[in-house]
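Fold and geometry: a report
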Amino acid sequence: MTAPPAPHSDFAMSETPNPNAISAAGPAAAGRPGRPRLFVTRRLPKKTEARMTDLFDAQLRDADEPLSADEIAAGMADADVLVPTVTDEIDAALIARAGPRLKLIANFGVGVNHIDLKAAHGAGIMVTNTPGVLTEDTADMTLALILATMRRTGVGERRLRAGDWAGWAPTSLRGTRVGGKKLGIIGMGRIGGAVAKRAQAFGMDVLYHNRHRMPEAAEQALGATWWDDLDAMLAEVDILSIHCPLTAETEGLMDARRLALLPPHAYLINTARGEIVEEGALAAALAGGRLAGAGLDVFADEPNVPQALLDLENVTLLPHMGSATFEGRRAMGDKVITNIRVWADGHRPPDQVLEGWA
């Protein structure tokens, strides 16, 4: 059996070069430092940190709590490369405080909504990210949330641990069957496509809304039907899974009006970014019985989660675990190292992020 063609993505795809390879241009090409000084804002996997120490003049962290803007500015003062994560707000004000040496922000992560790309590019600072290495992990977590929420596994486990289980009963802990349901996907990029492939195995019908329609062959391979009108699609789905990037256009995309378009029996799953969903409106819909349930791995003000969501039994809540696998985090580190090495050798990094990234 031949593998189905890869789904169309709104993001540029790149292969991951060997992080140990040395480019032909040699060190210090184009005036860039052969052994650049790195400021790394968080603890990274040990193998990543060890390789960074071997290859670069890397300033690593001992502790692992998020840094303040002043602490990041101090670290950037004499660094050639900043290595931040999603927990760091690299806004225009902070970029303006960067030292003259800083020419690359090598983000440890795919999303770059926490980095002011316009300000960075205006200051002559290149930005890179780590696409493509977290697709399977995030898709797995999406299916885990769908199953956990619809089959109420969290409720069952909490009752069992609390000693509140009197044994099997015909009417206890009933959930909703996954097979045969209509799964709506917002954002059919790499992750959305991987979720659609998994949904096929569970017997779900896949609907999707994207800025651009996939090629017909990719749609057929994934059993996916394109909906140009998002509002119309919402009214038809049993499960809605969000996989679009956070941009000015998608912030608050699932507001009270759009949440009201979902059928009362529907479930909402979000493994993308918390700001895409209006959390207050979601909590009100869930509490009022206007939605059956939700599975959330991301939140608008992490690590803070609205109490209104914490109080609900029909919500599965996870602490941003979508990419948390040993394999995925190591691959992210390899991407960061590759981008820095290629940049230091005077070439364009494979994962350069342009200002119009989203």
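Residues numbered from 1 in each chain as written. Predicted model: local features only at pLDDT ≥ 70, side-chain atom pairs only at ≥ 80, totals over all residues. Heavy atoms only, no water.

With that out of the way, let us pick up the UniProt feature "domain: D-isomer specific 2-hydroxyacid dehydrogenase NAD-binding" (unreviewed entry) in the chain. UniProt's feature table lists "domain: D-isomer specific 2-hydroxyacid dehydrogenase NAD-binding" (unreviewed entry) at residues 143-322, given in the numbering used throughout. As annotated, residues 143-322 comprises 32% helix and 16% strand, and the C-alpha atoms at either end are separated by 11 Å. (UniProt positions renumbered as here; feature names shortened; annotations may be inferred. Helix = DSSP H or I, 4+ residues; strand = E, 2+ residues; numbered from the N terminus.)

Our next topic: the domain arrangement of the chain. The domain boundaries assigned to the chain delineate domain 1 (37-129 + 327-345) and domain 2 (135-162 + 176-317). For domain 1 versus domain 2, the separation of C-alpha centres amounts to 31 Å. (Domains from an automatic or database assignment.)

Next up on the list: the sheet that holds strand 9 (residues 239-242). Within the open sheet, the 7 strands sit side by side as 8-7-6-9-10-11-12. Their pairing is parallel. Taken across any chain shown, the strands that pair with only one partner, and hence form the sheet edges, are strand 8 (224-226) and strand 12 (315-317). Across this sheet, the average inter-strand angle for adjacent strands is 20°, counted without regard to direction. By the bridge criterion, 3 bridges tie strand 7 (residues 205-209) to strand 8 in an arrangement that is parallel. Of the residues in strand 8, the one forming a bridge with Leu207 is Thr225. (Pairing = 2+ DSSP bridges. Axes fitted to C-alpha atoms, helices over the stretch in contact; angles between N-to-C directions.)

Quick look at the pairing of strand 11 (residues 293-296) now. With burial as the criterion, each face of strand 11 is covered, one bearing Gly293 and Gly295 and the other bearing Ala294 and Leu296. Judged from the 4 bridges that link them, strand 10 (residues 267-270) and strand 11 form a sheet pairing that is parallel. Looking at the pairing, Ile269 lines up with Gly295 of strand 11. What joins strand 10 to strand 11 is helix 11 (residues 279-287), and the crossover it makes is right-handed. With 3 bridges connecting them, strand 11 and strand 12 associate as parallel partners. Within the sheet, the bridge partner assigned to Gly295 lies in strand 12 and is Thr316. (Buried < 20%, exposed > 50% of the residue type's maximum accessible area, 1.4 Å probe, protein only. Right-handed = clockwise from strand over helix to strand, strands pointing away.)

Residues Ile186, Leu240, Ile242, Met254, Leu262, Leu268 and Leu282 are the most contacted members of the largest nonpolar core, which totals 31 residues. Put simply, the parts of the chain that give this core at least two residues each are helix 9 (230-234), strand 9, helix 11 and strand 11. By residue number, the principal contributor to this core is helix 11, which donates 5 residues. The residues touching Ile186, leaving out its near neighbours within four places in the chain, are His209, Leu230, Met233, Leu240, Ser241, Ile242, His243, Cys244, Leu253 and Met254. Core analysis: the second largest hydrophobic core is formed by 23 residues, Leu183, Ile185, Ala194 and Met214 among them. (Core = buried A, V, L, I, M, F, W, Y, C linked by side-chain atoms within 4.5 Å. Contact = heavy atoms within 4.5 Å.)

As for its placement among the helices and strands, Arg37 is situated in strand 1 (residues 37-40). Arg37 sits in the buried class, given a relative accessible area of 19%. When the C-alpha positions of Arg37 and Ala139 are compared, they lie 35 Å apart, and in sequence the two are 102 residues distant. The residues contacting Arg37, other than those within four sequence positions of it, are Asp57, Gln59, Asp78, Ala79, Asp80, Val81 and Arg101. There is a polar contact of 3.3 Å between the side chain of Arg37 and the side chain of Gln59. (Polar contact = N/O pair within 3.5 Å; in protein donor to acceptor, adjacent residues only side chain to side chain.)

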